[in-house]
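The residues making up each chain are set out below.
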Amino acid sequence: MTASDLTAWLPWTDRAGRASWIKLVTFLTMLAPAVWMLTEWRMGWLSPKPATDLVRESGDWAMRILILSLAVTPLRYVARFNRVILVRRMVGLAALFYTLAHVALWCVDLRFDWLKIVMELVLRLFLTVGLAATVILVALGVTSNDLSIRKLGAARWNKLHGLVYAATFLSLVHYFMEVRLDASEAALMCGYFILLMSFRAVRRRTTPGFINLAPAALVCAVMTGLMEALYYKLSTSVSVSRVLMANFDVSYRVSPALWVLGVGLAVAALAHLRARFGPKPARLARA
Ligand code: HEM
(Lines give C-alpha, C1' and ligand atoms only; values in the text may rest on other atoms or scores of the structure.)
Protein backbone atom coordinates (compact mmCIF):
# COMPACT_ATOMS: atom_id res chain seq x y z
CA MET A 1 0.00 0.00 0.00
CA THR A 2 1.46 3.38 -1.02
CA ALA A 3 1.49 6.57 1.05
CA SER A 4 -1.25 8.06 -1.15
CA ASP A 5 -3.44 4.96 -0.51
CA LEU A 6 -3.01 5.55 3.22
CA THR A 7 -3.90 9.22 2.85
CA ALA A 8 -7.07 8.28 0.96
CA TRP A 9 -8.13 6.22 4.00
CA LEU A 10 -7.95 9.20 6.36
CA PRO A 11 -11.49 10.36 7.06
CA TRP A 12 -10.73 14.07 6.58
CA THR A 13 -8.35 14.29 3.60
CA ASP A 14 -8.74 13.80 -0.13
CA ARG A 15 -6.37 11.78 -2.31
CA ALA A 16 -3.95 14.69 -2.55
CA GLY A 17 -3.76 14.90 1.24
CA ARG A 18 -5.78 18.15 1.40
CA ALA A 19 -8.42 18.65 4.11
CA SER A 20 -11.85 17.79 2.67
CA TRP A 21 -15.00 19.18 4.35
CA ILE A 22 -17.25 16.70 2.58
CA LYS A 23 -15.24 13.74 3.93
CA LEU A 24 -15.11 15.19 7.43
CA VAL A 25 -18.85 15.92 7.57
CA THR A 26 -19.66 12.45 6.21
CA PHE A 27 -17.30 10.82 8.72
CA LEU A 28 -18.90 12.61 11.66
CA THR A 29 -22.39 11.80 10.35
CA MET A 30 -21.51 8.12 9.99
CA LEU A 31 -20.07 8.09 13.51
CA ALA A 32 -23.10 9.76 15.13
CA PRO A 33 -25.38 6.65 15.40
CA ALA A 34 -22.55 4.68 17.07
CA VAL A 35 -21.96 7.51 19.56
CA TRP A 36 -25.71 7.70 20.23
CA MET A 37 -26.02 3.95 20.82
CA LEU A 38 -23.00 4.01 23.12
CA THR A 39 -24.53 6.92 25.05
CA GLU A 40 -27.88 5.12 25.37
CA TRP A 41 -26.11 2.07 26.75
CA ARG A 42 -23.80 3.97 29.15
CA MET A 43 -26.63 6.16 30.48
CA GLY A 44 -28.94 3.17 31.05
CA TRP A 45 -31.60 4.52 28.67
CA LEU A 46 -32.27 1.11 27.15
CA SER A 47 -34.63 -1.67 28.29
CA PRO A 48 -33.55 -4.40 30.74
CA LYS A 49 -32.22 -6.24 27.65
CA PRO A 50 -29.89 -3.59 26.19
CA ALA A 51 -28.13 -5.97 23.77
CA THR A 52 -31.48 -6.89 22.17
CA ASP A 53 -32.34 -3.20 21.75
CA LEU A 54 -28.93 -2.50 20.23
CA VAL A 55 -29.23 -5.44 17.80
CA ARG A 56 -32.35 -3.73 16.41
CA GLU A 57 -30.87 -0.24 16.38
CA SER A 58 -27.62 -1.30 14.72
CA GLY A 59 -29.62 -3.32 12.15
CA ASP A 60 -31.71 -0.24 11.34
CA TRP A 61 -28.57 1.88 10.86
CA ALA A 62 -26.84 -0.78 8.78
CA MET A 63 -29.87 -0.83 6.46
CA ARG A 64 -30.21 2.96 6.20
CA ILE A 65 -26.52 3.51 5.52
CA LEU A 66 -26.43 0.69 2.96
CA ILE A 67 -29.25 2.39 1.05
CA LEU A 68 -27.42 5.72 1.40
CA SER A 69 -24.27 4.17 -0.07
CA LEU A 70 -26.26 3.24 -3.19
CA ALA A 71 -27.44 6.83 -3.52
CA VAL A 72 -23.93 8.30 -3.85
CA THR A 73 -23.36 7.53 -7.55
CA PRO A 74 -26.87 8.59 -8.72
CA LEU A 75 -26.48 11.79 -6.72
CA ARG A 76 -23.18 12.46 -8.44
CA TYR A 77 -24.82 12.41 -11.86
CA VAL A 78 -28.17 13.93 -11.01
CA ALA A 79 -26.73 16.81 -8.97
CA ARG A 80 -23.64 17.04 -11.21
CA PHE A 81 -21.63 17.01 -8.00
CA ASN A 82 -18.45 15.10 -8.73
CA ARG A 83 -16.83 15.52 -5.31
CA VAL A 84 -19.48 13.37 -3.65
CA ILE A 85 -17.62 10.36 -5.06
CA LEU A 86 -14.92 11.04 -2.43
CA VAL A 87 -17.23 9.65 0.26
CA ARG A 88 -18.62 6.58 -1.54
CA ARG A 89 -16.08 4.20 -0.02
CA MET A 90 -16.52 5.70 3.45
CA VAL A 91 -20.32 5.31 3.39
CA GLY A 92 -20.01 1.73 2.13
CA LEU A 93 -17.55 0.87 4.90
CA ALA A 94 -19.83 2.51 7.47
CA ALA A 95 -22.66 0.20 6.30
CA LEU A 96 -20.30 -2.74 6.81
CA PHE A 97 -19.26 -1.43 10.23
CA TYR A 98 -22.88 -1.24 11.46
CA THR A 99 -23.64 -4.67 9.96
CA LEU A 100 -20.72 -6.24 11.82
CA ALA A 101 -21.71 -4.42 15.02
CA HIS A 102 -25.26 -5.76 14.53
CA VAL A 103 -23.98 -9.35 14.20
CA ALA A 104 -21.53 -8.95 17.11
CA LEU A 105 -24.29 -7.57 19.36
CA TRP A 106 -26.50 -10.50 18.42
CA CYS A 107 -23.68 -12.84 19.53
CA VAL A 108 -23.48 -10.87 22.80
CA ASP A 109 -27.25 -11.24 23.17
CA LEU A 110 -26.84 -15.02 22.83
CA ARG A 111 -23.98 -14.89 25.37
CA PHE A 112 -21.56 -16.26 22.76
CA ASP A 113 -23.25 -19.66 22.88
CA TRP A 114 -21.59 -20.78 19.62
CA LEU A 115 -23.68 -23.93 19.18
CA LYS A 116 -26.87 -21.89 19.48
CA ILE A 117 -25.47 -19.20 17.16
CA VAL A 118 -24.66 -21.76 14.44
CA MET A 119 -28.01 -23.56 14.87
CA GLU A 120 -29.94 -20.27 14.64
CA LEU A 121 -28.01 -19.23 11.52
CA VAL A 122 -28.79 -22.55 9.85
CA LEU A 123 -32.36 -23.11 11.02
CA ARG A 124 -33.93 -19.63 10.98
CA LEU A 125 -34.32 -18.56 7.38
CA PHE A 126 -34.30 -14.79 8.09
CA LEU A 127 -30.90 -15.19 9.79
CA THR A 128 -29.52 -17.33 6.95
CA VAL A 129 -30.55 -14.61 4.51
CA GLY A 130 -28.92 -11.95 6.74
CA LEU A 131 -25.76 -14.04 6.87
CA ALA A 132 -25.64 -14.26 3.05
CA ALA A 133 -25.95 -10.47 2.84
CA THR A 134 -23.22 -10.05 5.46
CA VAL A 135 -20.82 -12.38 3.62
CA ILE A 136 -21.23 -10.30 0.44
CA LEU A 137 -20.77 -7.02 2.32
CA VAL A 138 -17.57 -8.34 3.94
CA ALA A 139 -16.21 -9.40 0.52
CA LEU A 140 -16.95 -5.91 -0.84
CA GLY A 141 -15.40 -4.21 2.21
CA VAL A 142 -12.21 -6.27 2.01
CA THR A 143 -11.78 -5.43 -1.69
CA SER A 144 -12.72 -1.76 -1.39
CA ASN A 145 -9.10 -0.53 -1.53
CA ASP A 146 -7.03 0.70 -4.48
CA LEU A 147 -4.75 -2.34 -4.33
CA SER A 148 -7.71 -4.66 -5.00
CA ILE A 149 -8.84 -2.49 -7.92
CA ARG A 150 -5.36 -2.77 -9.42
CA LYS A 151 -5.14 -6.52 -8.78
CA LEU A 152 -8.61 -7.40 -10.07
CA GLY A 153 -8.72 -4.88 -12.91
CA ALA A 154 -11.49 -2.26 -13.21
CA ALA A 155 -13.93 -4.49 -15.11
CA ARG A 156 -13.78 -7.43 -12.68
CA TRP A 157 -13.78 -5.11 -9.68
CA ASN A 158 -16.90 -3.33 -10.95
CA LYS A 159 -18.59 -6.67 -11.56
CA LEU A 160 -17.77 -7.81 -8.02
CA HIS A 161 -18.97 -4.55 -6.49
CA GLY A 162 -22.21 -4.80 -8.47
CA LEU A 163 -23.05 -7.47 -5.87
CA VAL A 164 -23.92 -4.64 -3.48
CA TYR A 165 -27.40 -4.68 -5.06
CA ALA A 166 -27.77 -8.40 -4.25
CA ALA A 167 -26.58 -7.72 -0.68
CA THR A 168 -29.11 -4.90 -0.31
CA PHE A 169 -31.90 -7.05 -1.71
CA LEU A 170 -31.05 -9.86 0.75
CA SER A 171 -30.85 -7.37 3.63
CA LEU A 172 -34.32 -6.08 2.75
CA VAL A 173 -35.70 -9.64 2.64
CA HIS A 174 -34.07 -10.26 6.05
CA TYR A 175 -35.70 -7.07 7.36
CA PHE A 176 -39.17 -7.90 6.02
CA MET A 177 -39.02 -11.44 7.38
CA GLU A 178 -38.22 -10.07 10.85
CA VAL A 179 -40.90 -7.34 10.96
CA ARG A 180 -43.69 -8.06 13.40
CA LEU A 181 -46.23 -5.24 13.66
CA ASP A 182 -45.07 -2.08 11.93
CA ALA A 183 -43.66 -2.56 8.42
CA SER A 184 -43.37 1.20 7.69
CA GLU A 185 -39.59 1.53 7.83
CA ALA A 186 -39.01 -1.76 5.96
CA ALA A 187 -41.40 -0.56 3.24
CA LEU A 188 -39.64 2.83 3.17
CA MET A 189 -36.22 1.22 2.70
CA CYS A 190 -37.63 -1.02 -0.06
CA GLY A 191 -39.20 2.04 -1.70
CA TYR A 192 -35.88 3.92 -1.70
CA PHE A 193 -34.15 0.84 -3.11
CA ILE A 194 -36.67 0.61 -5.98
CA LEU A 195 -36.30 4.36 -6.54
CA LEU A 196 -32.51 4.07 -6.75
CA MET A 197 -32.75 1.12 -9.15
CA SER A 198 -35.17 2.99 -11.39
CA PHE A 199 -32.97 6.13 -11.44
CA ARG A 200 -30.06 3.89 -12.37
CA ALA A 201 -32.10 2.40 -15.22
CA VAL A 202 -33.02 5.90 -16.45
CA ARG A 203 -29.38 7.02 -16.40
CA ARG A 204 -28.31 3.99 -18.42
CA ARG A 205 -30.67 4.95 -21.24
CA THR A 206 -30.67 8.73 -21.24
CA THR A 207 -29.56 11.92 -19.45
CA PRO A 208 -31.48 12.14 -16.16
CA GLY A 209 -33.87 15.09 -16.04
CA PHE A 210 -37.24 16.06 -14.55
CA ILE A 211 -39.12 14.68 -17.54
CA ASN A 212 -37.88 11.10 -17.02
CA LEU A 213 -37.18 11.03 -13.26
CA ALA A 214 -40.55 12.42 -12.10
CA PRO A 215 -42.65 9.61 -13.71
CA ALA A 216 -40.15 7.06 -12.32
CA ALA A 217 -40.68 8.56 -8.83
CA LEU A 218 -44.46 8.26 -9.23
CA VAL A 219 -44.26 4.60 -10.33
CA CYS A 220 -41.91 3.79 -7.41
CA ALA A 221 -44.25 5.47 -4.92
CA VAL A 222 -47.20 3.40 -6.20
CA MET A 223 -45.08 0.23 -5.99
CA THR A 224 -44.09 1.12 -2.40
CA GLY A 225 -47.73 1.61 -1.39
CA LEU A 226 -48.75 -1.68 -3.04
CA MET A 227 -45.88 -3.55 -1.43
CA GLU A 228 -46.79 -2.28 2.04
CA ALA A 229 -50.47 -3.12 1.48
CA LEU A 230 -49.59 -6.61 0.27
CA TYR A 231 -47.39 -7.17 3.31
CA TYR A 232 -50.21 -6.27 5.72
CA LYS A 233 -52.68 -8.33 3.70
CA LEU A 234 -50.48 -11.43 3.95
CA SER A 235 -49.40 -10.99 7.58
CA THR A 236 -52.51 -9.55 9.23
CA SER A 237 -55.27 -9.82 6.60
CA VAL A 238 -55.96 -6.06 6.79
CA SER A 239 -57.55 -5.24 3.43
CA VAL A 240 -55.29 -3.88 0.68
CA SER A 241 -57.67 -0.97 -0.01
CA ARG A 242 -57.57 0.12 3.67
CA VAL A 243 -53.76 0.32 3.69
CA LEU A 244 -53.75 2.07 0.31
CA MET A 245 -56.26 4.66 1.55
CA ALA A 246 -54.08 5.25 4.65
CA ASN A 247 -51.41 6.59 2.25
CA PHE A 248 -53.50 9.71 1.74
CA ASP A 249 -54.08 10.34 5.44
CA VAL A 250 -51.16 12.44 6.68
CA SER A 251 -52.74 13.31 10.04
CA TYR A 252 -50.71 10.72 12.01
CA ARG A 253 -47.77 9.84 9.71
CA VAL A 254 -46.34 10.44 6.26
CA SER A 255 -46.59 7.04 4.55
CA PRO A 256 -43.54 5.33 2.99
CA ALA A 257 -45.13 5.79 -0.47
CA LEU A 258 -45.41 9.58 0.07
CA TRP A 259 -41.81 9.76 1.32
CA VAL A 260 -40.63 7.95 -1.79
CA LEU A 261 -42.69 10.26 -4.00
CA GLY A 262 -41.39 13.37 -2.19
CA VAL A 263 -37.73 12.35 -2.30
CA GLY A 264 -38.06 11.16 -5.92
CA LEU A 265 -39.65 14.44 -7.05
CA ALA A 266 -37.07 16.49 -5.12
CA VAL A 267 -34.26 14.62 -6.90
CA ALA A 268 -36.02 15.09 -10.26
CA ALA A 269 -36.27 18.85 -9.55
CA LEU A 270 -32.59 18.93 -8.57
CA ALA A 271 -31.68 17.20 -11.85
CA HIS A 272 -33.64 19.85 -13.74
CA LEU A 273 -32.00 22.76 -11.90
CA ARG A 274 -28.49 21.34 -12.25
CA ALA A 275 -29.05 20.60 -15.94
CA ARG A 276 -29.93 24.29 -16.44
CA PHE A 277 -27.45 25.96 -14.12
CA GLY A 278 -24.84 23.31 -13.20
CA PRO A 279 -21.56 22.32 -14.91
CA LYS A 280 -21.78 20.72 -18.35
CA PRO A 281 -21.50 16.87 -18.38
CA ALA A 282 -18.15 16.93 -20.25
CA ARG A 283 -16.57 19.04 -17.49
CA LEU A 284 -18.15 16.77 -14.93
CA ALA A 285 -16.59 13.67 -16.51
CA ARG A 286 -13.09 15.22 -16.50
CA ALA A 287 -13.21 16.62 -12.97
C1 HEM B 1 -25.29 -12.89 10.15
C2 HEM B 1 -25.97 -11.83 9.80
C3 HEM B 1 -27.12 -11.26 10.58
C4 HEM B 1 -27.68 -11.67 11.76
C5 HEM B 1 -27.27 -12.84 12.64
C6 HEM B 1 -28.76 -10.76 12.06
C7 HEM B 1 -29.58 -10.84 13.17
C8 HEM B 1 -30.72 -10.12 13.37
C9 HEM B 1 -31.69 -10.35 14.41
C10 HEM B 1 -31.59 -11.44 15.50
C11 HEM B 1 -32.68 -9.44 14.26
C12 HEM B 1 -33.96 -9.35 15.09
C13 HEM B 1 -33.78 -8.40 16.24
C14 HEM B 1 -35.03 -8.42 17.12
O15 HEM B 1 -36.12 -8.22 16.63
O16 HEM B 1 -34.88 -8.64 18.30
C17 HEM B 1 -32.35 -8.63 13.12
C18 HEM B 1 -33.08 -7.58 12.66
C19 HEM B 1 -32.65 -6.71 11.69
N20 HEM B 1 -31.52 -6.82 10.91
FE21 HEM B 1 -30.17 -8.30 10.99
N22 HEM B 1 -28.83 -9.80 11.08
C23 HEM B 1 -27.86 -10.06 10.15
C24 HEM B 1 -27.59 -9.33 9.00
C25 HEM B 1 -28.17 -8.13 8.70
C26 HEM B 1 -27.81 -7.28 7.61
C27 HEM B 1 -26.72 -7.57 6.57
C28 HEM B 1 -28.59 -6.17 7.67
C29 HEM B 1 -28.60 -4.95 6.79
C30 HEM B 1 -27.55 -4.40 6.27
C31 HEM B 1 -29.49 -6.35 8.79
C32 HEM B 1 -30.46 -5.46 9.16
C33 HEM B 1 -31.45 -5.73 10.08
C34 HEM B 1 -32.59 -4.89 10.32
C35 HEM B 1 -32.91 -3.59 9.60
C36 HEM B 1 -33.35 -5.50 11.31
C37 HEM B 1 -34.66 -5.01 11.92
C38 HEM B 1 -34.39 -4.11 13.10
C39 HEM B 1 -35.68 -3.63 13.75
O40 HEM B 1 -36.54 -4.47 14.05
O41 HEM B 1 -35.80 -2.41 13.97
N42 HEM B 1 -29.19 -7.54 9.39
N43 HEM B 1 -31.15 -9.08 12.61
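Residues numbered from 1 in each chain as written. Predicted model: local features only at pLDDT ≥ 70, side-chain atom pairs only at ≥ 80, totals over all residues. Heavy atoms only, no water.

Q: Can you help me understand the coordination of the iron atom of the ligand in this one?
A: A four-donor tetrahedral metal ideally has 109.5 degree angles, and a six-donor octahedral metal ideally has angles of 90 or 180 degrees. For the iron atom of the ligand, the protein coordination sphere consists of His102 (NE2) and His174 (NE2), at 2.0 to 2.1 Å. Here the iron atom of the ligand is ringed by six donor atoms whose angles at the metal span 86 to 180°, and the overall shape comes out octahedral. Linking His102 in helix α4 (residues 88–109) with His174 in helix α9 (residues 164–178), this pair joins segments that are 72 residues apart in sequence. You can call His102 buried: its relative accessible area is 18%. (Donors = N, O, S within 2.8 Å, 3.2 Å for Na, K, Ca; no water. Tetrahedral: all angles 85-135°; square planar, octahedral: opposite > 155°, others 65-115°. Helix = DSSP H or I, 4+ residues; strand = E, 2+ residues; numbered from the N terminus. Buried < 20%, exposed > 50% of the residue type's maximum accessible area, 1.4 Å probe, protein only.)

Q: Would you mind showing me how to read the pattern of salt bridges here?
A: A pair can form between side chains of opposite charge whenever their charged atoms are brought close. Under the definition given, this model contains six salt bridges. For Glu178, the salt bridge is made with Arg180, and the minimal N-O distance between the two is 3.9 Å. We classify Glu178 as partly exposed; its relative accessible area is 25%. Among the residues examined, Arg180 registers a relative accessible area of 61% and is labelled exposed. Residue Arg253 pairs with Glu228 through a salt bridge whose shortest N-O separation is 3.2 Å. In this pair, Arg253 sits in the loop between α12 (240–246) and α13 (256–277) while Glu228 sits in helix α11 (residues 210–236), placing the two residues 25 residues apart along the sequence. (Salt bridge = Lys/Arg side-chain N within 4 Å of Asp/Glu carboxyl O.)

Q: Quick question: what am I supposed to make of the site of the ligand here?
A: Taken together, the neighbourhood of the ligand is formed by 24 residues, with Arg56, Asp60, His102, His174 and Glu178 sitting nearest. The contact in question runs from an oxygen atom of the ligand to an N or O atom on the side chain of Glu178, over 2.6 Å. More than half of the atoms of the ligand fall within 2 Å of the grid points belonging to the second largest pocket. Counting only elements with at least two residues in the shell around the ligand, the list comes to α3 (50–78), α4, α6 (125–142) and α9. (Near = heavy atom within 4 Å. Polar contact = N/O pair within 3.5 Å; in protein donor to acceptor, adjacent residues only side chain to side chain. 1 Å grid on protein atoms, 1.4 Å probe; cavity = no way out; pocket = protein on both sides within 12 Å on 5 of 7 lines; lining within 4 Å. Sits in = over half its atoms within 2 Å of the grid points.)

Q: Would you mind showing me how to read the side chain of Ser144 here?
A: Tracing the backbone through its elements, the reader meets Ser144 in the loop between α6 and α7 (146–152). At 2.8 Å, the side chain of Ser144 forms a polar contact with the backbone oxygen of Gly141.

Q: Sorry, what's going on with the packing of aromatic side chains here?
A: The geometry of an aromatic ring pair is captured by two quantities: the separation of the ring centres and the angle between the planes. Under the definition given, this model contains five aromatic pairs. Pairing Trp36 with Trp45 gives two aromatic rings, centres 5.8 Å apart and planes at 45°, and the pair type is tilted. Judged by relative accessible area, which is 43%, Trp36 ranks as partly exposed. Their ring planes at 50° and their centres at 5.4 Å tell us that Phe176 and Tyr231 sit as a pair that is tilted. With Phe176 in helix α9 and Tyr231 in helix α11, the pair connects residues that are 55 residues apart, well separated along the chain. We note that Phe176, like Tyr231, is buried. One aromatic cluster is present, formed by Phe176, Tyr231 and Tyr232 through successive ring pairs. Its end group placed over the ring of Trp61, Arg64 keeps NZ or CZ at 4.5 Å from the ring centre. (Phe/Tyr/Trp six-rings, centres within 6.5 Å; stacked < 30°, edge-to-face > 60°. Lys NZ or Arg CZ within 6 Å of the ring centre and 35° of its normal.)

Q: Help me out: how do you make sense of the packing of α3 against helix α10 (residues 184–205) in this one?
A: A pair of packed helices is characterised by two quantities: the angle between their axes and the separation of those axes. Packing of α3 against α10 leaves a shortest axis separation of 10 Å and a crossing angle of 25°. If you check the angle between α3 and α10, you find them roughly parallel. Helix-helix and strand crossings are classified by hand; for α3 and α10 the assignment is left-handed. Contacts from Met63, Arg64, Ile67, Leu70, Ala71, Pro74 and Tyr77 of α3 reach α10 at Glu185, Met189, Tyr192, Phe193, Leu196 and Arg203. Here the contact of α3 with α10 is composed, by residue class, of ten nonpolar, no polar and three charged. (Axes fitted to C-alpha atoms, helices over the stretch in contact; angles between N-to-C directions. Parallel < 35°, antiparallel > 145°, perpendicular 65-115°, else oblique. Left-handed = near helix turned anticlockwise from the far one by under 90°. Contact = heavy atoms within 4.5 Å. Nonpolar A, V, L, I, M, F, W, Y, C, P; charged D, E, K, R; others polar.)

Q: Mind showing me how you'd approach the domain arrangement of the chain here?
A: How big an interface is tends to be stated in terms of accessible area lost as the parts join. Taken domain by domain, the chain consists of domain 1 (1–178) and domain 2 (181–287). Each of domain 1 and domain 2 has a C-alpha centre, and the two are 23 Å apart. Taken together, the contact between domain 1 and domain 2 spans 20 residues of the former and 26 residues of the latter. The largest per-residue losses of area from domain 1 upon contact with domain 2 belong to Val78, Arg80 and Phe176, which jointly make up 39% of the total buried on that side. At the surface where domain 1 touches domain 2, the tally comes to one salt bridge. Of the charged contacts in the structure, one is a salt bridge between Glu185 and Arg64, with a shortest N-O distance of 2.6 Å. At the boundary of domain 1 with domain 2, the tally comes to four residue pairs in polar contact (both at pLDDT 80 or more). (Domains from an automatic or database assignment. Buried area = accessible area lost by both parts, 1.4 Å probe.)

Q: Please clarify how the state of the cysteines should be interpreted in this entry.
A: When the sulfur atoms of two cysteines share a covalent bond, that bond is a disulfide. On inspection of all chains with the given rule, the structure shows zero disulfides. Cys220 supplies the cysteine sulfur nearest to Cys190, a cysteine that is in no disulfide, at a spacing of 12 Å. Under the relative-accessibility criterion, Cys220 is labelled buried at 2%. (Disulfide = S-S within 2.5 Å.)

Q: So what exactly am I meant to see when it comes to the environment of Leu265 here?
A: Summarising the element assignment, Leu265 is placed in helix α13. On the accessibility criterion, Leu265 (32% relative accessible area) is partly exposed. Separated by 47 residues in sequence, Leu265 and Leu218 place their C-alpha atoms 8.1 Å apart.

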